[in-house]
Every structure is written in C-alpha cells, then in structure tokens.
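Residue-level listing of the chains:
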Amino acid sequence: MAYVFNTDLLLNDPDQEGARKEFPNIFFALNNPELRAAFRPFDERANAAKTRSRKWGVLAVLLATGALLLAGGEMLFHGLPKGQVRTLAAIGGVAGIASVLIGVFGIMFRERKMRWLADRLATERIRQFHFQSFVFGVKEILDGARDKQAADAFVEKRTADFAKFENECLSTVDDKLKEIVHHDHDEEGLIFEDISPSAPESDPHLDEYFRAYVLFRFNRQISYCDLILREGEGFWKHAPSQQAKILGGVALACVFGILLLHGLVFFGAIANIAWMKGPLVHVFAIWAAIIALSARTFEEGFQPEREIERMRQYRLALKRIYARFQRAPNVDAKLAAMVDLEKLSYEEMVLFLKGNYEAEFIM
C-alpha cells in the first residue's frame, strides 16, 4: 500500500473514522481540529513553494548548461552566416546572464526556498506539538478515557497550550528558521519540557494508548523513511535514490564519453585520420564535460546522497528506540523511549532544514 501523508494527524475524514473505531476511548486525544486547521495552510504553501523553488533552480542550471554548450560549440559555427552566429551568441549570453541572476543572486529562487523551509518548519513543529501533547499528557489522557469530564479538561488545556504555541512559535517561524540554519542548535525541541510523563502500571487503557502511539508515530515515521529510500518512484517525487542513480549514471557516462573521445583524437593523430582529429570530436568532449558538470550541479541542488544518508540514520535510530520501547520493563521506560523519539524527530528536522538551506543550484 502506498504511503499516505499526514494520516498521523487524521487530516481526512476516513482517517478520523478509522481512528475512532480503533481507539474509541482515547480518540479525543488523537483528534485535534484546531491543530489540523493550522496545519493545512502551512503544508499547502510549503508544497507549492518547494515545487516553484526547485523549478527555478533547475531552470538556472539548464540555462547555464545551454550557454556553456553554445560557447563550447563555437568552432562548429564558423561556416554559418554572420546573422545566425550573432543570434546564437545572443542566446548564449542571455541564457548565461539569466542563470547567474537566478542561481547566484537568488532571483525567483531563494525567496521561495526560504518560504518552503519556514513553512515546513511550521508543519513539523505542529506535528511535534500533537505527539508531545499525547506523550506528556499521558495521565490526563488515561483519566479522560474513563471520565468524560477529564477528557474535556484535557482538550481544553490542549487548546490553550496550542494557542500559546501558535503565538510563540508559528507567528515567528521565519525568525526561528534563520536561527536554526545560521547557528549551532543544541535544543532538544521539547515543547512540554517541564513535565515528566508517568502513568500507573495497572491502567486498563494503557494498551490502547501505546498501540495508538506505535501506529501513528513509530510506524508512520519508519514508513516515511522507507518511502524516501525506496527506488523506482520517479525522479521528482520523493525519490532521492532514483535521483542519485540517474545523476550518477549521467556523470559516469560523460566521463567514459570524454575518455572515448580523447582516445579517438589520440588514434586519429597517430593514424592521420582527419575526422578523428576534427572539431566535432573536440566539441563533443567539451559538451560531455559540461553535461557532467550540470549533473553534478543537480546533485548539489537536490542533494540525494545527503538525503539518503540522513534517512538511513534516522530509520536506524527510530528502529533502535522502537526496540527499546518494546523491551521496556515498565510504563515509565516506555514513556522514556517515546520522549526520546520526540527528541529524535526534532533533531532530524533540524538536519533537514540545514541541509536544504545549504543546497544550491549554481554551476
């Protein structure tokens, strides 16, 4: 089954109905309409900004590649009419200038990238609020599973906490992004750090509570890592493995092409074969080098290898915490593992933001 995004937040009606049936006694703690209402605009804007940012980055590389290809093929244009030569030169010049404006000076690119990252920071902190309120509010949730008034009290307190969170975090998300990407960040990311989660061992709803966290937190995060690391999902959509394979293959093919073309020139010189020494072979060698550089620039922009390594490390850490959660001898040990997952989630988010902030589509 394909991975469906944001089912952990019960973003859609079928998700909510499924959770209500599976976890009827603690559904009030899983269902947060105010949080979903805040999440949606950030998520939609982040997705749109990411797409536009990367489109402009790709365009910058393609324009630079085209300008360099035209410059590198200059010796092939000697036989053309002067008007055509001037046109090609003008096209190359405009393409080169445009690529510099977009890539180096950030016109139509950097602003959208910062918007994407700031909104992604907001969505992930909203997600972290949701699950941290679930972890640190364990006692109130278990009380609410038995008593409607206690459940209402939990929801009321969570609403007040989220309003405070919106004011302190979401309203200043642009500044918080700059703080994260420009400075060493040693925070643990705990929103309720003044609380130590604890619950009685004998509570009848503990199993339902832990099953919900395993399904919506452990399993969803591990499944997301599996999605990112999966091959065959296409070049553009959640496919760093595919990106790394394609871009690496292009660069390697260009290197072999350059070796082959230089070999042709060498044997042409020895055997005095005119076409092997001709300008066409030299131009092809230059073009192969330019295309290899272009592939390398795409790698710097998309950073698939870095993304793959980050996801591998995150999945490994998730599975270790999950194993510790399963082996935990008591409730408090399980809750401690859940807190560690929340800290890990924040650390992974910081690495994601820093990595994508540093990525550049510049040749």
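What comes next is a walk through the structure. (Residues numbered from 1 in each chain as written. Predicted model: local features only at pLDDT ≥ 70, side-chain atom pairs only at ≥ 80, totals over all residues. Heavy atoms only, no water.)

Right, let's talk about the overall build of the protein chain for a bit. In terms of regular secondary structure, the protein chain is built from 14 helices and zero strands. Written out in order from the N terminus, the α and β elements of the protein chain read α-α-α-α-α-α-α-α-α-α-α-α-α-α. For the protein chain, the C-alpha radius of gyration of 27 Å lies well beyond 21 Å, the compact-globule estimate for 363 residues. Across its three principal directions, the C-alpha atoms of the protein chain cover 90 × 40 × 40 Å. Across the 363 residues that make up the protein chain, the buried fraction comes to 47%. Contacts in the protein chain between residues at least 24 apart in sequence constitute 82% of all its contacts with a sequence separation of at least 6. Accessible surface, the protein chain as shown: approximately 18,600 Å² in total, 59% of it carbon and sulfur. If you average the places of the 45 positive and of the 48 negative side-chain charges in the protein chain, the two averages end up 7 Å apart. (Helix = DSSP H or I, 4+ residues; strand = E, 2+ residues; numbered from the N terminus. Rg over C-alpha atoms; globule rule 2.2 N^0.38 Å. Buried < 20%, exposed > 50% of the residue type's maximum accessible area, 1.4 Å probe, protein only. Contact = heavy atoms within 4.5 Å. Areas by Shrake-Rupley, 256 points an atom, 1.4 Å probe, with all protein chains shown as cover. Lys, Arg positive; Asp, Glu negative; His and termini not counted. Charge placed at Lys NZ, Arg CZ, Asp CG, Glu CD.)

Packing of helix α3 (residues 33-72) against helix α12 (residues 279-302) brings their axes to within 10 Å, and their N-to-C directions diverge by 165°. One element, α3, and the other, α12, form an angle in the roughly antiparallel class. The crossing of α3 and α12 is right-handed. Here R54, V58, V61, L62, T65, L68, L69 and G72 of α3 lie close against α12, whose contacting residues are V283, I286, W287, I290, S294, T297, F298, G301 and F302. Partitioning the contact of α3 with α12 into residue classes produces 11 nonpolar, five polar and one charged. (Axes fitted to C-alpha atoms, helices over the stretch in contact; angles between N-to-C directions. Parallel < 35°, antiparallel > 145°, perpendicular 65-115°, else oblique. Left-handed = near helix turned anticlockwise from the far one by under 90°. Nonpolar A, V, L, I, M, F, W, Y, C, P; charged D, E, K, R; others polar.)

Another aspect to go through is the side chain of R217. Mapped onto the elements of the fold, R217 is located in helix α9 (residues 206-229). At 3.0 Å, the side chain of R217 forms a polar contact with the side chain of E342. (Polar contact = N/O pair within 3.5 Å; in protein donor to acceptor, adjacent residues only side chain to side chain.)

Moving on to a nonpolar patch on the surface. On the surface, M75, L76, L280 and F284 cluster together into a nonpolar patch covering about 320 Å² of accessible area. Secondary-structure assignment places L76 in the loop between α3 and α4 (82-103). (Patch = residues over 30% accessible without salt bridge, like charges linked within 9 Å, V, L, I, M, F, W, Y side chains within 5 Å. Salt bridge = Lys/Arg side-chain N within 4 Å of Asp/Glu carboxyl O.)

The N-to-C vectors of helix α5 (residues 110-136) and helix α8 (residues 173-182) enclose an angle of 100°; their axes lie 9 Å apart at closest approach. Considered as vectors, α5 and α8 are oriented roughly perpendicular to each other. In this structure, α5 uses M114, R115, L117, A118, L121 and A122 to contact α8, whose residues at the interface are V173, D174, K176, L177 and I180. Among the residues making up the contact of α5 with α8, the classes are represented as eight nonpolar, no polar and three charged.

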